[in-house]
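Analysis of the macromolecular model
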Amino acid sequence: MAVIAFRLDGVATSADPAPHETLLDWLRGRGKTGVKEGCAEGDCGACTVVVVEPGGVRRTVNSCLVLVPSLQGRSVWTVHGLARPGAPLHPAQAALVDTLGSQCGFCTPGFVMCLVEACHRDDLDAAWRRADQLSGNLCRCTGYRPIQAALDRVAGTRPDDALSAEAPLEPDQPVAHAHAAGVYLAPTDWDALWQARADHPDARLVAGTTDVGLDVTQRHARYAAVIDL
Ligand code: FES
Ligand code: FES
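The text that follows walks through the structure, step by step, so that each part is easy to find.

Conventions we followed
- Residues numbered from 1 in each chain as written.
- Chains lettered and ligands numbered in written order.
- Predicted model: local features only at pLDDT ≥ 70, side-chain atom pairs only at ≥ 80, totals over all residues.
- Heavy atoms only, no water.
- Helix = DSSP H or I, 4+ residues; strand = E, 2+ residues; numbered from the N terminus.
- Rg over C-alpha atoms; globule rule 2.2 N^0.38 Å.
- Buried < 20%, exposed > 50% of the residue type's maximum accessible area, 1.4 Å probe, protein only.
- Contact = heavy atoms within 4.5 Å.
- Areas by Shrake-Rupley, 256 points an atom, 1.4 Å probe, with all protein chains shown as cover.
- Lys, Arg positive; Asp, Glu negative; His and termini not counted.
- Charge placed at Lys NZ, Arg CZ, Asp CG, Glu CD.
- Salt bridge = Lys/Arg side-chain N within 4 Å of Asp/Glu carboxyl O.
- Pairing = 2+ DSSP bridges.
- Axes fitted to C-alpha atoms, helices over the stretch in contact; angles between N-to-C directions.

Turning our attention to the overall build of the protein. Summing up its helical and strand segments, the protein has seven helices and nine strands in all. A compact globule built from 229 residues would reach a C-alpha radius of gyration of about 17 Å, and the protein, at 18 Å, matches this within 12%. Principal-axis analysis of the C-alpha atoms places the extent of the protein at approximately 55 × 35 × 35 Å. A buried classification covers 48% of the 229 residues belonging to the protein. Taking the contacts inside the protein whose residues are at least 6 apart along the sequence as the reference set, 64% of them involve residues at least 24 apart. For the protein, the computed accessible surface area is about 11200 Å², with 51% contributed by carbon and sulfur atoms. Looking at charge distribution, the protein has the averaged site of its 20 positive side-chain charges lying 6 Å from that of its 27 negative ones.

Written as structure tokens, this is what we have:
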């Protein structure tokens with residue numbers, strides 16, 4: 001597989017990433033600098049984006065810990081895709097404006113994406129669940145009360161936005177991405193997994209990359225082969 005194909009802010013996109021390339025680095029290297037880097041280790045949420053999986057599940061993820069090849073066949077939404085120039089703000093953005101939920105603004109794109117996901121959830125029916133929804137994002141200057149008020153306003157409202165209008169994704173297919181820096185394999189059955197292990201006995205096994213992402217961003221680990229379980 002020469003390229004990794006996915007949707008970015010509703011547009012078909014392809015990439016030729018190294019097996020260790022993070023989504024945050026890839027996005028910022030292509031001008032999507034609204035997606036912020038705070039810690040690059042999964043703690044602050046400034047890099048939050050929404051990933052849509054085949055089957056339609058939408059999840060916020062820390063893009064600093066996501067490897068680009070894992071996005072094959074998925075849809076990624078960033079703060080850039082919510083409101084086109086001249087168009088009204090997304091309700092999540094408007095709510096943060098109305099509640100005065102932003103000061104310096106560095107954390108704001110991450111909180112916006114957290115609120116966007118909340119708009120499309122139907123399980124934020126208790127105060128503790130709505131508080132928990134914000135638990136992956138840090139703000140150092142505004143304070144959480146107005147941000148929580150913005151979330152309370154939009155949670156579960158299912159606005160008629162770009163995410164809700166998105167066409168369904170195709171079911172998962174095996175990934176075998178060869179790059180000069182190494183290969184990234186995502187087998188989808190046992191036989192293919194055992195074969196990948198035989199072909200690349202020293203491959204780094206990953207399953208979500210919340211640990212391996214730290215090796216990449218903090219210890220600058222590089223891999224000749226990655227097998228995504
Ligand atoms: Fe802090 Fe990603 S940059 S969680
Ligand atoms: Fe400054 Fe949140 S508005 S860190």
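Let us look at the pattern of salt bridges. Applying the stated rule across the entire model yields twelve salt bridges. Notably, a salt bridge pairs R121 with E117, separated by 3.5 Å at the nearest N-O pair. In this structure, D123 engages R121 in a salt bridge whose closest nitrogen and oxygen atoms are separated by 2.8 Å. D123 sits in the partly exposed class, given a relative accessible area of 29%. Each of the salt bridges in this network shares a partner with another, and the network as a whole consists of E117, R121 and D123.

Pairing of strand β1 (residues 4–8) with strand β2 (residues 11–15), which is carried by five bridges, proceeds in the antiparallel orientation. Residue A5 lies in a different strand from β2, and its bridge partner there is S14. Where β1 hands over to β2, the hairpin turn is made up of two residues, of which D9 adopts a positive phi near 50°.

Bringing the sheet that holds strand β5 (residues 75–77) into the picture now. Spatially, the five strands line up as an open sheet ordered β2-β1-β5-β3-β4, and their pairing is mixed. Edge strands, defined here as strands with exactly one partner in the open sheet, are β2 and β4 (58–62). The average undirected angle you get between the axes of adjacent strands in this sheet is 35°. Strands β3 (48–52), β4 and β5 of the sheet are contacted by helix α3 (residues 108–119), whose axis makes an angle of about 30° with β3.

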